[in-house]
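Observations on the model geometry
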Amino acid sequence: MRLGSGTFAACCVAIEVLGVAIFLRGFFPVPVRSSSRTEHRAEPPAPEPSTGASSNWTKLPPPLFSKVVVVLIDALRDDFVFGSKGVKFMPYTTYLVEKGASHSFVAEAKPPTVTMPRIKALMTGSLPGFGDVVRNLNSPALLEDNVIRQAKAAGKRIIFYGDETWVKLFPKHFVEYDGTTSFFVSDYTEVDDNVTRHLEKVLTREDWDVLILHYLGLDHIGHLSGPDSPLIGHKLREMDSVLMKIHMALLSKEREALLPGLLVLCGDHGMSESGSHGASSLEEVNTALVLISSAFERKPGDIRHPKHVQQTDLAATLAIGLGLPIPKNSVGRLLFPVVEGKPMREQLRFLHLNTVQLSKLLQENVPLYEKDPGFEQFKMSERLHGNWIKLYLEENSSEVLLNLGTKVLRQYLNALQTLSLSLSRQVAQYDIYSMAVGTTLVLEVLALLLLSVPKALGPAAELDMPLSSPLFSLLFYLTLLVLSAVHVVVCTSTESACYFCSVSWLAAGGAMLLMSALLCALVSALPKTVVGVKHVGKSPAPSSSRWSELDLLILLGTTGHVLSLGASSFIEEEHQTWYFLVSTLCLALCQEVYRNHFLSSDGDPRGGLHTEPGPEGTTPVGAKGCALLEDDRTRAAASAFKRLGGADQRMVLASPWAVLCCCRLLRALNQTGVQGAHRPDLGHWLTSSDHKAALSVLAALSLLAVFLLVQRRCSPMSKVALALGLLGVYCYRAAIGNVMSPWQRGNSDISKGIVEARFVYVFVLGILFTGTKDLLRSQVSAAGVPARTVGLWEIHSGLVLLAALLLRPHNLPVLVSSLLVQTLMAKCVWKPLNHGVAEVTVMHYWFGQAFFYFQGNSNNIATVDVSAGFVGLEHYVEVPAAFLTTFATYVGPILWASHLVNYLSSESSRRKGLPVGQRWVSVCAVRPCSL
């Protein structure tokens, strides 16, 4: 069977997509969900267990609180309330935590620690998946069972003020609301004022049952300047006064109400040491949770330390407190201190409802749920509870009744803990079988592509697939039989749900047919490829044809990095791979520089090797020509090194060492990755308020160095614009309080810096416009090459100025080091050593990746600096914010790619003695020998 190259490529892409989809379906955890279809009508609650006696408790318990106020402070880290910052900036809340009528908890939020998934966890009690990170940008309506929907169905009147994410998740659920945008992180004042301005009126009204307030200012300050900013203290004081106002209003209302009120203080996620969130560090997952109510009065000497709980526990607690059914998909458990003061029978009733809900969820998601320890404990608890009810109905008070009740209570609490843990583990389990099927499809197609590329690119542009050969048929049927047997064994013996086992036999059989056919195609293509290689190997090649040490390093380093991405630990610590590769590259360049130095001092490096021209003086081709070109390149590098002056030679000899030292120093600036992100580094030291003067001096010197390194190839007009733009960068950082300035008087003069940032944008656009104009002029005027070179460099200068504006002040040395390394490598390494285009390109890629991590970035979403997307913006505008955030995140790779274009353009114009076509052929002719 013959296939055209286009058809073959389309089939490969389709199978690749299918394989990746199956792999991702197994890789990403599947949320635990109830299979019940009664989302829109209330299910009858589980009756109270009894043995032989009838019980009159078949309905939901009545509410415990008359009014509930939920104050959600975005990025409220646990130590902001329970640590030194809480003592200093939140005195009223600290008093309630230590001595008042309250219960305090450290609530652990599961990754991803971004706002929308955390709101879903708080209100549904379920564990959202990583797909919700994408939906966080544009939240759809929440269809899953949740406390808000249950409250509305029960006739509760809910009012909301704050983050508009709630309005998108719960449309038409609030009788009154006022949403504020959560993406404009430069605003940390008005975004909270727009919430607080409603409190004066709404707290005096009686037409609401639940009030939800979501404050964003603390999170925005974290994104702008980190958790150690002086603005954090001002915001915590503001939040403390808001809590005091709400608490006083609730206390005044309790005098006329039959039930007490409840004030809930919580955070959706924490805040990392860099001010961001999204990952799984302790600072990001540990949030404060404080429940305040007069029902929690403590006795003298009653010391209550914050207990560690799960964030999902709040949904079940709120449902019980409001007299509502617990959300069906909740994996959380009731916070028992809330009901600890109630009579024993009520406590057992609350715990029974929670365990029944969790046991139903376990039955619907775990195939062998009967063997689960939590389910066994639940059944034991229910039997003991029935015995207690029987004893209670017969005799109301006795020591036996109290002892048995205490035993049932402990049994229920143990069952709740085990059930919740079992359900949470289901979310973290990988579907290994589905991942294996997807991986097999992907690897088979990749191998077939590698073996078929020569034929697909040949003159016929088609491939011959021997589908009807006897060997193909026999191997196909044997493989299909083995895969079917494996499928049956896995699907009948597995103890957890498997996606590939849940699909129809027709779909699973189709996948197995496809895998068998691909394996047979691979076996058929392999001998032909081997024969072709042997045929090519018979052509003579001189023994001098070999790879250089640098070529081997580039090939092995790039291949090793690709292979390392198959392990999650290497992905989490990918920066270590690039640090190692860049350091090794610098040492290899040192070896090459010193070898050329000694060869130039000894005369002819190759003992008189020469190149014989081909017919009519053409460049030699073939394996022999490749070797000779490799020799010529080495001789040319040594000769060029010999022609350098003494000072230039010393610069060339010292440059790789200088680059190595520069990269080593940058590693101490920002700790990144999973294992080392918490370690102290120079960046944290500089950003602390105690070292603001040192940061200011460093930022000023860095901006001056940026100007000196960039201006040398700019036009006079662009030099002036660059100088004024860099001055504007410092003024912007001074305006927002990052660095010191002579005209700033304390924190009272801190602003958003919108005018200063837009001042810099004007010069960025001006430099980019000038560079674009020179590029266009080079296409139509006689002075094409010089104008093109100047235009490309001015575009590069505009990108550097934009990077200086968006990077945080402590990262400006990274920008300076990047420009310095580019200058040293271009002038003292690549040109003197006559490196080819491919080598220079790969080195630019390596350095770009390394500088991505030198900025403090990682493969962790928490390291994305969202605040960069709002520099100079007064309101949230989606396209500019996305562009600026992306540019600030990938400054390193972008600037190194821009420098690569500049370098190749300048080298092309420098070699103008050759015709254009022959010039590029001579540069690339050595590539088949090395790469």
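Since we're looking at a predicted model, the values are computed, not measured. Residue indices follow the written sequence of each chain, beginning from 1 at its first position. Selection of residues for local features in this predicted model requires a pLDDT of at least 70, selection of side-chain atom pairs for listing and counting requires 80 or more, and totals for whole chains, interfaces and linings are taken over all residues. Side-chain metrics rest on all non-hydrogen atoms present in the structure, leaving aside hydrogens and water.

This part covers helix 33 (residues 837-854). The first and last C-alpha atoms of helix 33 sit 25 Å apart over 18 residues, in line with the 26 Å expected at 1.5 Å per residue. Between buried and exposed lies partly exposed: a residue is buried under 20% and exposed over 50% of the maximum accessible area for its type, with that area taken using a 1.4 Å probe on protein chains only. By the criteria applied, helices consist of DSSP H or I runs no shorter than four residues and strands consist of E runs no shorter than two, each listed in order from the N terminus. Counting buried residues in helix 33 gives 14 out of 18 residues, a clear majority hidden from the surface. Backbone geometry just downstream of helix 33 places G856 in the positive-phi region, at approximately 100°. One less than the residue count of a helix, multiplied by 1.5 Å, gives the span that helix is expected to have.

Next up on the list: the pattern of salt bridges. Take a side-chain nitrogen of Lys or Arg and a carboxyl oxygen of Asp or Glu: if they are within 4 Å of each other, that pair is a salt bridge. Within the structure shown, the criterion is met by 21 salt bridges. With its nearest N and O atoms 2.9 Å apart, the salt bridge here joins R205 to E176. A residue pair is termed long-range when its members are at least 10 positions apart, and R205 in the loop between helix 10 (199-202) and strand 6 (210-215) and E176 in strand 5 (residues 176-180) qualify at 29 residues. Residue R205 is classed as partly exposed on the basis of its relative accessible area of 24%. Since its relative accessible area comes to 25%, E176 is described here as partly exposed. One salt bridge connects K235 with E238, and the closest N-O pair in it is separated by 2.9 Å. Here E238 and K235 lie together in helix 12 (residues 230-254), a separation of three residues that amounts to about one turn. Because the salt bridges share partners, they merge into one network encompassing K67, E206 and K253.

Looking now at the pairing of strand 8 (residues 286-292). Most of strand 8 sits inside the fold, with seven of its seven residues counted as buried. Pairs of strands are assigned from DSSP output, requiring at least two bridges between the strands. Pairing of strand 3 (residues 102-108) with strand 8, which is carried by seven bridges, proceeds in the antiparallel orientation. Paired with V106 across the bridge in strand 8 is A288. As paired strands, strand 7 (residues 262-266) and strand 8 are joined by four bridges and run antiparallel to one another. By the bridge assignment for strand 8, C266 is matched with L289.

Every axis corresponds to a line fitted to the C-alpha atoms, with the helix fit spanning only the stretch in contact, and the corresponding angles, defined between N-to-C directions, vary from 0 to 180 degrees. Their axes nearest at 8 Å, the elements helix 16 (residues 373-394) and helix 17 (residues 399-427) cross at an angle of 155°. By the angle class used here, helix 16 and helix 17 are roughly antiparallel. The handedness of the crossing between helix 16 and helix 17 comes out as left-handed. Gly counts as polar in this scheme, as do all residues outside two lists: the nonpolar Ala, Val, Leu, Ile, Met, Phe, Trp, Tyr, Cys and Pro, and the charged Asp, Glu, Lys and Arg. Across the contact of helix 16 with helix 17, the residue classes break down as 15 nonpolar, nine polar and two charged. Oblique is the label for any angle not covered by the other classes, which are roughly parallel (under 35 degrees), roughly antiparallel (over 145) and roughly perpendicular (65 to 115). The sense of a crossing depends on the near helix, which, turned anticlockwise from the far helix by less than a right angle, makes the crossing left-handed and, turned clockwise, makes it right-handed.

Its 22 residues give helix 26 (residues 646-667) an end-to-end C-alpha distance of 32 Å, which sits within 8% of 32 Å, the value for a rise of 1.5 Å per residue. Consider a residue and the seven residues that end there alongside the seven that start there; fitting an axis to each set, the bend is the angle between those axes. A maximum bend of about 35° is found in helix 26 at A654, where proline P656 lies one to four positions downstream. Inspection of helix 26 places Q649, V652, L653, S655, P656, V659, L660, C662, C663 and L666 among the buried residues, and these make up the whole buried set.

Counting through the fold element by element, R304 comes out in the loop between strand 8 and strand 9 (307-310). Counted as a polar contact is a pair of N or O atoms within 3.5 Å, where, for protein atoms, one must be capable of donating a hydrogen and the other of accepting one, and residues adjacent in sequence contribute only when both atoms are in side chains. Reaching out from R304, the side chain makes a polar contact with the backbone oxygen of F296 at a distance of 3.1 Å. A polar contact of 3.1 Å, which involves the side chain of R304, links it to the side chain of D302. What makes two residues a contact is simply this: any of their non-hydrogen atoms within 4.5 Å. Discounting chain neighbours no more than four positions away, the residues touching R304 are V97, S102, H103, F296, E297 and R298.

With that out of the way, let us pick up the sheet that holds strand 3. Taken in spatial order, the eight strands line up as 5-4-6-2-7-8-3-9 in an open sheet, and their pairing is mixed. The sheet is open, and its two edges are formed by strand 5 and strand 9, each paired on a single side. Sheet twist, expressed as the mean angle between neighbouring strand axes with direction ignored, is 15°. In this structure, strand 4 (residues 158-163) lies alongside strand 5, joined through five bridges in parallel fashion. When the bridges of strand 5 are listed, G162 appears paired with G179.

Any covalent bond linking the sulfur atoms of two cysteines counts as a disulfide. Cysteine sulfurs are considered disulfide-paired once they come within 2.5 Å of each other. Taken as a whole and assessed by the stated rule, the structure comprises one disulfide. Each sulfur of the disulfide joining C491 and C501 lies 2.0 Å from the other. Taking the sign of the S-S torsion, about -85° here, the bridge from C491 to C501 comes out left-handed. Taken together, the residues span a long stretch of sequence, with C491 in helix 19 (residues 470-493) and C501 in helix 20 (residues 499-502) at a distance of 10 residues. The class of C491 is partly exposed, set by a relative accessible area of 23%. Of the residues examined, C501 reaches a relative accessible area of 23% and is grouped as partly exposed. The thiol of C12 is not disulfide-bonded; the next cysteine sulfur, from C11, is found 7.0 Å away. On the basis of relative accessible area, C12 is assigned to the buried category, the value being 6%. Take C663: it sits in no disulfide, and the sulfur closest to it among the cysteines is that of C586, at 5.1 Å.

This part covers the packing of aromatic side chains. Pairs were defined over the aromatic rings of Phe, Tyr and Trp, the Trp ring being its six-membered one, requiring ring centres within 6.5 Å. Orientation was assigned from the angle between planes: stacked under 30 degrees, edge-to-face over 60, tilted for the rest. Applying the stated criterion to the full structure yields 21 aromatic pairs. Between W578 and W846, the aromatic rings sit 6.4 Å apart at their centres with planes inclined by 70°, giving edge-to-face as the arrangement. You can see W578 sitting in helix 24 (residues 574-602) and its partner W846 sitting in helix 33, a full 268 residues away along the chain. Side by side, W578 and W846 carry an identical accessibility label, which is buried. Each ring, one from F852 and one from Y853, has its centre 4.9 Å from the other, and the planes form 85°; the classification is edge-to-face.

Let us now look at the confidence of the model for the chain. Each residue carries a pLDDT score, the predictor's confidence in it, ranging from 0 to 100. Scored by pLDDT, the chain comes out at a mean of 82, with 82% of its residues at no less than 70. Taken as a whole, residues 535-545 scores under 50 in pLDDT and shows eight contacts with residues more than four places along the chain or in a different chain. Contacts from residues 604-630, a stretch scored under 50 in pLDDT, to residues over four places away or in other chains number 40 contacts.

This brings us to the nonpolar core. Buried Ala, Val, Leu, Ile, Met, Phe, Trp, Tyr and Cys residues that are joined via side-chain atoms within 4.5 Å together make up what is termed a nonpolar core. Membership of the largest hydrophobic core comes to 86 residues, with the highest contact counts inside it found for L801, L806, M825, W830 and F847. At 12 residues, the largest contribution of residues to this core is made by helix 32 (residues 812-830). In this structure, W830 is in contact with M825, H835, V840, M843, H844, W896, H899 and Y903, ignoring residues within four places of it in sequence. If you look at the next biggest cluster of nonpolar residues, it comprises 72 residues, including A319, L358, V408 and V427.

Let's shift gears to the side chain of S818. Assignment of secondary structure puts S818 in helix 32. Residue classification places S818 among the buried residues on the basis of a relative accessible area of 4%.

On to the environment of D207. Assignment of secondary structure puts D207 in the loop between helix 10 and strand 6. When its relative accessible area of 35% is taken as the criterion, D207 is described as partly exposed. When the C-alpha positions of D207 and I159 are compared, they lie 9.5 Å apart, and in sequence the two are 48 residues distant. A polar contact is formed between the side chain of D207 and the side chain of R205, at a distance of 3.0 Å.

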